[in-house]
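Examination of the molecular architecture
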Amino acid sequence: MKLILAVVSFLFVISISGQNQVDPAAVGKMKEEGLKNSKVMNFAFYLTDVSGSRLTGSPGFMRAATWAKEELTKMGLVNASIEPWGDFGKGWQQEKCYLAITAPYYQSLIAIPRAWTGSTPGKKSITGEVVLVKAKDSVELMQYAGKLKGKIIMQWTAATVKPSFEADGSRFSDTVLERMANAKLQVPAQGQGQGRPQGGPGGGFNAQRRLAELINAEQPALILTMNQRGNDGTVFVSSGGSFAKDAAIAPASVALSSDDYLRLQRMLEAGTPVTVEADVKTQFFVDDLKGYNVVAEIPGTDPLLKDELVMLGGHLDSWHGATGATDNAAGCSVMMEAIRILQASGLKPRRTIRIALWGGEEQGLIGSRNYVTNHFTDSIARTKVSAYYNLDNGTGKIRGIYLQSNPNVKDLFSAWLEPFNEMGAKTVTISNTGGTDHQSFDRLGIPGFQFIQDPIEYDTRTHHTNMDTYDHLIADDLKQASVIIASFVYHTAQRDEKIPRKAATGQRGF
C-alpha cells in the first residue's frame, strides 16, 4: 500500500511539474518578435496623440475604440466588436479653456475643466473679481447665501507647497521586491485589493461633497479648484459633476495647479483684489447613453478546449487632463502588442484568447463589472474562463505578478517568469492589488491577475494629470511587458487544465 501511495504521489508531482513547464521554442519566438519588431509604441501613438483623451462616453473614447477594433481585425482576430455593456450616462468633452489674471497684472494660468461640469455664461469670455469663500461646513457657508450667483469663486485651503527632495521617477528596489515576495497570505474577500487605495466615503469626504453641492446651488459663474498634490505646473483633475442622464449640469469648474491657486489665495487674503478673465466651454452628449468595451478573439484550435477562454485586457478610458498615456494607453497598447506577437509568431493556442479594452474603469470598473455580469454570472459560463490578465499601473516594466491571494498558482507563475528573470521579472507575491479591472473577475471567483510594475513617475507626476502624455512612456519597458504577457496568455491557453482557482471565501456581488 505504501508503495502504491508513493507511486501515485510521484506521478502527481510529475503531472503538476509538466503542467508548469515552459515551451522554450514558443518563448524564443515571442521574444524575437516582441523585442525586434515591436509595434507597441505605434499603438500607443494612435491611442494618445491621434485619439486624444478618452473619457467614457466621449468622442475621444469612440475614436480610440473604433481604431482599436479595426486594428485588431487587421491582425486577423475574429468577433471584433465595440460591445455595449449597459447604460452609462452622458458623454462630455472640453471645447475651450482660457483663464488668466488681468489685475493687478496679467498672467495666464494653467487650468483644466473638471469632467461633467458646464460652461461659463454667454458666448464670450467673462471677467470678474475672485471671491474667496472661507467655510469649512454648511453652517459657515450660510454667510455667503445669495452672494455667489454669477461670481468667480474659490474655496480657502490650508494646503501649502513643499519642495520635494526625492525624484519623481523610481523603480522597485531589490529590498522592496523581496518584501513583496515574502508577504504572507491574508485571505480577504474575493475582489478586495491591498494596493492603489480608492478611499471611501468618510466624514470628511461627505462634508466636502455636501459643501460642494451647496456651492453649486448658489450658481456661481466659475469655480476654481486645486488638488494639493499638483505642483510644478502639474494639475490633478477628474470629475466635478455627474454623468447620470438626469443629473443637473454643474457650474463651470476648473482645476489649477497648487502653485497658481495658492498665489490667488494669498493675494485675496492680503486684501489685494484679483480680477480674472475666463472662457470655459464644454459639451455634453446625450444621443447615446450606453457604455462600451472593445473585444476581439483569437480562436482556439483544440476541439476539446476551444470553447474555453483566456482573457487579457486593460482599460481604454482615461481622464481628460491629457491623453491618458500611462493610464492606461500603456496597458492597452501592451495587450494589443501581446496579441500581435502571438499572431506574428504563428503560435496556435488551444483555448480561445479574448482581448478586452474596457470603458468606464475610471468611474468604478463599471465596464468590466458589467461585462462579467453580462457574460459570466452563470456558474457554467464562469468555469469556461481559465484566467484574466490585466495591466494598469503605468509605463513601468513588469517585475512579477500579484497572486491575488491564490497560493495555488505560485509555482506555476514562478516557472513562467523564469525565462524573463534576466529582464527583471521574477517576483511572485501572494498579496493582492486593487483599483483596476482584474477585480471584476476575482469577485466572481474567476482567476484575475495584475502584474507588478515599476512605478516610474505614475503616482507622482502622470496618474490623472495634465502630464499623462506619450512622452512619459518608456518603450523598452512596454516591449518587455508585451512579451511577458504574451507568454503568460499563451501558456495559459496551452495547459491541459485551467488555471487553479483559489479557495472560495464567499463571492461578492455587484
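Residues numbered from 1 in each chain as written. Predicted model: local features only at pLDDT ≥ 70, side-chain atom pairs only at ≥ 80, totals over all residues. Heavy atoms only, no water.

Some words on the overall build of the protein
A tally of helices and strands in the protein yields 15 helices and 16 strands. The C-alpha atoms of the protein give a radius of gyration of 25 Å, which matches the 24 Å a tight globule of 510 residues would have. Among the 510 residues that make up the protein, the fraction classed as buried is 53%. A sequence separation of at least 24 residues applies to 87% of the contacts in the protein between residues at least 6 apart. Accessible surface computed for the protein: about 22,000 Å², of which carbon and sulfur atoms make up 53%. Each charge class in the protein was averaged separately, 53 positive and 52 negative side chains, and the resulting centres sit 3 Å apart. (Helix = DSSP H or I, 4+ residues; strand = E, 2+ residues; numbered from the N terminus. Rg over C-alpha atoms; globule rule 2.2 N^0.38 Å. Buried < 20%, exposed > 50% of the residue type's maximum accessible area, 1.4 Å probe, protein only. Contact = heavy atoms within 4.5 Å. Areas by Shrake-Rupley, 256 points an atom, 1.4 Å probe, with all protein chains shown as cover. Lys, Arg positive; Asp, Glu negative; His and termini not counted. Charge placed at Lys NZ, Arg CZ, Asp CG, Glu CD.)

A closer look at a nonpolar patch on the surface
Nonpolar side chains collect at one region of the surface, where Phe45, Tyr46 and Val50 lie side by side and expose about 230 Å² of accessible area between them. As for its placement among the helices and strands, Val50 is situated in helix H3 (residues 40-50). (Patch = residues over 30% accessible without salt bridge, like charges linked within 9 Å, V, L, I, M, F, W, Y side chains within 5 Å. Salt bridge = Lys/Arg side-chain N within 4 Å of Asp/Glu carboxyl O.)

Topic: the packing of aromatic side chains
For the structure shown, the criterion picks out 23 aromatic pairs. When the ring of Trp358 is compared with that of Phe441, the centres are 6.0 Å apart and the planes differ by 55°; the resulting orientation is tilted. Remark: Phe441 occurs in helix H13 (residues 438-442) and Trp358 occurs in strand S12 (residues 352-358); sequence separation between them is 83 residues. Residue classification places Trp358 among the buried residues on the basis of a relative accessible area of 0%. Accessibility expressed as a relative area gives 0% for Phe441, which makes it buried. Aromatic ring contacts, followed pair by pair, group Tyr389, Phe413, Trp416, Phe449, Phe451 and Phe488 into a single cluster. (Phe/Tyr/Trp six-rings, centres within 6.5 Å; stacked < 30°, edge-to-face > 60°.)

Considering the sheet that holds strand S8 (residues 253-256)
Pairing is mixed in the open sheet, where eight strands are placed in the order S3-S2-S9-S5-S6-S7-S8-S4. Pairing within the sheet leaves two strands with one partner each, and these edge strands are strand S3 (107-108) and strand S4 (111-113). (Pairing = 2+ DSSP bridges.)

Honestly, that's just the spatial picture; any functional story needs more than this.
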